[in-house]
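Next come the chains, spelled out residue by residue.
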Amino acid sequence: MKRRTFIKGSMASAALAVAAGAGLLKPTRVLAADWPEAALSADQVDAAMQAAFGSGDVTDSGDVQIKAPLQAENGAVVPIQVTTSVKADKIAIISEKNPIPMVTVLDAGDGAGGLYSIRIKMGETSPVHCVVSSGGKLLRATQEIKVTVGGCGG
Amino acid sequence: MTTKMKIKTGNSGGYDVLVLAKHPMETGNRKDQKTGEMIPAHFIQTMVFSVNGTPVAQAHLNQGISANPLVGINISNAKPGDTVSVSWTDNKGESDSAETTIS
């Protein structure tokens, strides 16, 4: 009887080892170097802002422009284009009601940062903020985008 | 996975670089309809844009970006003959890159 349970136990642990070896039990998130995990996995806008910019103190500004549809037929693909006349060193796009609101951060070096365009997923109708950090100041533009069919879930 | 890059003259000067990467961008919240199991998250994390080998911008993405991301930036201080390259890595360690010379 003891021998039987021993064999059972060892077979189960062997199966576990095989599963781990095949990558089935590996954590799904393996970080690339310097990917801003705190900002891009925070589920609150404020926490994401703190993590990305170290401050939540933003001013609405006309120097940041958003080009995006007023109504998106398909929430899985919502094109957003941010242009700015100031010298940007970071551009972040936040869809307020997404499970993870901050969807992307662009770190711009010299000569880049005047334009950033990307297609985002939106779960439901929500304001979309584009925050530009320039010389320690945070500038923001906001547009409400209506979504008729959500982009999350399947 | 393939990555394509296009460069055109920007509306407000410089060059607009447009990158289309073929990638599923799984959120990790979706269920496989046949097996009922969760599909693990799989998304591009960082895209690095370089001019002549020097990085000029890094786009950090997460699962909130659409499948097959189309990312565009403007590079104002590039000139004809410069080589623009992009390389990306995802959360599973996969990567790809593309390169174009400005004509």
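Residues numbered from 1 in each chain as written. Chains lettered and ligands numbered in written order. Predicted model: local features only at pLDDT ≥ 70, side-chain atom pairs only at ≥ 80, totals over all residues. Heavy atoms only, no water.

Enquirer: Talk me through the pairing of strand S5 (residues 90-95) of chain A; I want residue IDs and the actual numbers.
Expert: Residues and elements named next belong to chain A. In terms of burial, S5 is largely enclosed, as five of its six residues are buried. Both S5 and strand S6 (residues 102-108) contribute to a ladder of five bridges, which runs antiparallel. Bridge pairing in S6 links Ala92 to Val105. What sits between the antiparallel neighbours S5 and S6 is a turn of six residues. Across six bridges, S5 lies against strand S8 (residues 126-134) in antiparallel orientation. Bridge assignment links Ile91 to a residue of S8, and that residue is Val132. (Buried < 20%, exposed > 50% of the residue type's maximum accessible area, 1.4 Å probe, protein only. Helix = DSSP H or I, 4+ residues; strand = E, 2+ residues; numbered from the N terminus. Pairing = 2+ DSSP bridges.)

Enquirer: Describe in detail the interface of chain A and chain B, supporting the description with residues and values.
Expert: Taken together, the contact pairs 34 residues of chain A with 35 residues of chain B. Interface area for chain A against chain B, summed over the two sides, is near 2,700 Å², with a carbon-plus-sulfur share of 48%. Of all residues in chain A, Trp35, Arg119 and Lys121 of chain A give up the largest surface area on contact with chain B, accounting jointly for 23% of the area buried on that side. At the junction of chain A with chain B, the criterion picks out zero salt bridges. In this structure, the connection of chain A to chain B is made through 20 residue pairs in polar contact (both at pLDDT 80 or more). Looking at the side of chain A that touches chain B element by element, the count peaks at eight residues for strand S7 (residues 112-120) of chain A. Tallied by class, the residues present in the side of chain A that touches chain B amount to 20 nonpolar, eight polar and six charged. Looking at chain direction, S7 of chain A and strand S5 (residues 70-75) of chain B are connected through three bridges and run antiparallel. Pairing of Ser117 of chain A across the sheet is with Gly72 of chain B, part of S5 of chain B. (Contact = heavy atoms within 4.5 Å. Buried area = accessible area lost by both parts, 1.4 Å probe. Salt bridge = Lys/Arg side-chain N within 4 Å of Asp/Glu carboxyl O. Polar contact = N/O pair within 3.5 Å; in protein donor to acceptor, adjacent residues only side chain to side chain. Nonpolar A, V, L, I, M, F, W, Y, C, P; charged D, E, K, R; others polar.)

Enquirer: Please give an account of the packing of aromatic side chains that cites residues and values.
Expert: Applying the stated criterion across every chain, the model contains one aromatic pair over all chains. The interplanar angle of 45° and the centroid separation of 5.8 Å between the aromatic rings of Trp35 of chain A and Phe43 of chain B together place this pair among those described as tilted. Placement of the pair is Trp35 of chain A in the loop between helix H1 (2-21) and helix H2 (37-41) and Phe43 of chain B in the loop between strand S2 (15-21) and strand S3 (44-51), with the two residues belonging to separate chains. Classification of Phe43 of chain B as buried rests on a relative accessible area of 0%. (Phe/Tyr/Trp six-rings, centres within 6.5 Å; stacked < 30°, edge-to-face > 60°.)

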